[in-house]
Amino acid sequence: MSDRLFIFDTTLRDGEQVPGCQLNTVEKIQVAKQLEQLGVDVIEAGFPVSSPGDFNSVIEISKAVTWPTICALTRAVEKDIDVAAESLQYAKHKRIHTGIGTSDSHIKYKFNSNREEIIARAVAAVKYAKRYVEDVEFYAEDAGRTDNEYLARVVEAVIKAGATVVNIPDTTGYCLPHEYGNKIKYLMEHVDGIHKAQLSTHCHNDLGMATANTLEGVLNGARQVEVTVNGIGERAGNTSLEEIAMILKCHKGLGIETNINTTKIYPVSRMVSSLMNMPIQPNKAIVGRNAFSHSSGIHQDGVLKNAQTYEIMNPKDVGLDDNAIVLTARSGRAALKYRLHTNGIEVDDEAKLDKLYQKFLKLADQKKDITDDDILMLAGADIADTHAVRLDFLQVTTGMGVRSVASIGLDISGQKFEEASTGNGPVDAAIRALKKIIQKQMTLKEFTIQAISKGSDDVGKVHMQVEYNGNVYYGFGANTDIVTASVEAYIDCINKFRK
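Here we summarise the structure given alongside this text. Here the structure is a predicted model, which is why all the values come from computation and not from measurement.

**Here we look at the nonpolar core**
Next, step 1: I70, F138, V155, V166, I168 and L199 are the most contacted members of the largest nonpolar core, which totals 107 residues.
Next, step 2: The greatest single-element share of this core, amounting to nine residues, is contributed by helix α6 (residues 148–161).
Next, step 3: Counting 28 residues, the second-largest nonpolar core is a separate cluster that includes I408, L410, M442 and M464.

**Here we look at the environment of E488**
Next, step 1: With respect to the helices, strands and loops of the structure, E488 is situated in helix α16 (residues 482–498).
Next, step 2: Along the primary structure E488 and V462 are separated by 26 residues, whereas in three dimensions their C-alpha atoms are 8.6 Å apart.

**Considerations on the pairing of strand β16 (residues 471–479)**
Next, step 1: As judged from the nine bridges shared by strand β15 (residues 460–468) and β16, these two strands associate in the antiparallel manner. Counterpart to H463 in the pairing with β16 is F476.
Next, step 2: Hairpin connection, β15 to β16: the antiparallel pair is bridged by two residues, and N469 has positive phi, about 55°.

**What to know about helix α5 (residues 115–130)**
Next, step 1: If you check α5, its first and last C-alpha atoms are 23 Å apart, about what 16 residues at 1.5 Å a residue would give, namely 22 Å.
Next, step 2: I118, I119, A122, V123, A125, V126, Y128 and A129 are the residues of α5 that are buried.
Next, step 3: Residues of α5 that are buried make contact with α3 (78–87), β5 (94–101), α4 (104–110), β6 (136–141) and α6.
Next, step 4: Where α5 begins, one side-chain oxygen reaches toward the backbone nitrogen of E116, 3.2 Å away; that side chain belongs to N114.

**Thoughts on the state of the cysteines**
Next, step 1: A full pass over the atoms with the stated rule returns zero disulfides.
Next, step 2: As a non-bridged cysteine, C203 has C175 as the owner of its nearest cysteine sulfur, 7.6 Å distant.
Next, step 3: Overall, the relative accessible area of 0% leaves C203 in the buried class.

**Describing the packing of helix α2 (residues 52–64) against α3**
Next, step 1: Between α2 and α3, whose axes approach to 8 Å, the crossing angle comes to 35°. Contacts between α2 and α3 involve F55, V58, I59 and S62 from the first element and V83, E86 and S87 from the second.
Next, step 2: When grouped by side-chain class, the residues that make up the contact of α2 with α3 number four nonpolar, two polar and one charged.

**With respect to the environment of R145**
Next, step 1: Here R145 is to be found in the loop between β6 and α6.
Next, step 2: With relative accessibility at 42%, the residue R145 sits in the partly exposed group.
Next, step 3: Taking the C-alpha atoms as reference, R145 lies 8.5 Å from T171; in sequence the two are 26 residues apart.
Next, step 4: Apart from residues lying up to four places away in sequence, R145 is in contact with S103, T172 and Y174.
Next, step 5: Among the polar contacts made by the side chain of R145, one reaches the side chain of D142 at a distance of 3.0 Å.

**A few points about the side chain of H202**
Next, step 1: Among the structural elements, H202 can be located in strand β8 (residues 198–203).
Next, step 2: A relative accessible area of 5% means that H202 is categorised as buried.
Next, step 3: Of the polar contacts made by the side chain of H202, one reaches the side chain of D14; its length is 2.9 Å.
Next, step 4: Polar side-chain contacts of H202 include one of 2.8 Å to the side chain of E226.

**What about the sheet that holds β8?**
Next, step 1: With parallel pairing, eight strands are arranged side by side around a closed barrel as β2-β3-β4-β5-β6-β7-β8-β9. Averaged over neighbouring strand pairs, the angle between their axes works out to 25° when direction is ignored.
Next, step 2: In this structure, strand β2 (residues 6–9) lies alongside strand β9 (residues 224–227), joined through four bridges in parallel fashion. Following the sheet pairing, F6 is matched in β9 by Q224.
Next, step 3: Relative to the sheet, helix α7 (residues 177–190) contacts β7 (165–170) and β8, its axis offset from that of β8 by approximately 160°.

So, how was this worked out
Residues numbered from 1 in each chain as written. Predicted model: local features only at pLDDT ≥ 70, side-chain atom pairs only at ≥ 80, totals over all residues. Heavy atoms only, no water. Core = buried A, V, L, I, M, F, W, Y, C linked by side-chain atoms within 4.5 Å. Buried < 20%, exposed > 50% of the residue type's maximum accessible area, 1.4 Å probe, protein only. Helix = DSSP H or I, 4+ residues; strand = E, 2+ residues; numbered from the N terminus. Pairing = 2+ DSSP bridges. Expected span 1.5 Å × (residues − 1). Contact = heavy atoms within 4.5 Å. Polar contact = N/O pair within 3.5 Å; in protein donor to acceptor, adjacent residues only side chain to side chain. Disulfide = S-S within 2.5 Å. Axes fitted to C-alpha atoms, helices over the stretch in contact; angles between N-to-C directions. Nonpolar A, V, L, I, M, F, W, Y, C, P; charged D, E, K, R; others polar.

What follows is the structure, encoded as structure tokens:
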């Protein structure tokens, strides 16, 4: 008989802490609905006390999904727990996730406290949360660097206080796989009443070991894993949902099963990437563009003879069709709507579909083939019509041996402005002209260009960081013209600090 592993998805909480990847409530609901279809058991919907936006998102996600448990994060603070409980009022299945740092570093420098006081605060937080919900999860922050004997005392105390799940985070991604596995094993063997609660893993990827550590935790007794789609998250990210799901699917001999419908992995991955403007590296396991590509002649020969020679997974198992998914200018609204649906984007409003279709046709005139990534970009990009600052026109003259010149027109809240400038290349010239109109002291901190698929007519994505008044703003643009995409990304930053 197989053991059941519960999947706790924190894409909408820990994953959304990546700078520049914040979603609005509507987008979070889109992701939550797809996570429900994917089969995740728990959705960590946010940190309600942190902002009105997070609070509202937890409420709306609670209304939008049916069977997964909706979880809200708190500190070991009564006000946090009060706000979390209020945000979960509409959830069919609700959980409060509270906790405190347990490593000596956290105890001394973060809390200026001692071990006994930390245990007392942990127990008090769990008991207080139990007033509101039956399902209480406790996290021992920085458990990866916490002495095992003391950690066992903390875990035992919070289970006695009523915790139903105890989260053992490797907060800094420091542990080696065998160290993390041994930590879980120690708790399983030394905590009185350990079987009254589930142990949960929550591993970060600072040293590239998040998935390995999570798997070791599972093999040593953890029965919940905290993961994110595409492994997104603070710093180097979290354990990838898709990696854990497919490891267990491929290694059936481990006897551990999840509720994940793996054929939904690829569409959910692409949707999250598009909505959060977070590119997926081509060689990313399971969902990267090259994950099922074979360029070596020896590999190609083997795969053509028998796919299993070099492929341990069937691409269809993760929702990737064998054939390239291509739309053209001859495709109709129904085809576009269907492709959006298969990628997790539901467009029921005919007016919205028509508007999206017109954008699709414009792009189809510029590109020979339109891929799923292209239409996800169209669906996920901000609607420029709602911005105070909009690009009216852009004309650039550039070439070898000549200085680049750009002319630009902006619409700022209905007023028209035009400027021109030279620069060290077309992007520099265009941004210099833009800054003449805006007249703000802005500094470009980061500038990243990524092609969506392949080909000289491809859509380019541009990600920017612009510093203004001591704050950093993140912008995104996408266009077949990379100079236009760059200007749109810069304007996206401006619109954010003008709010």
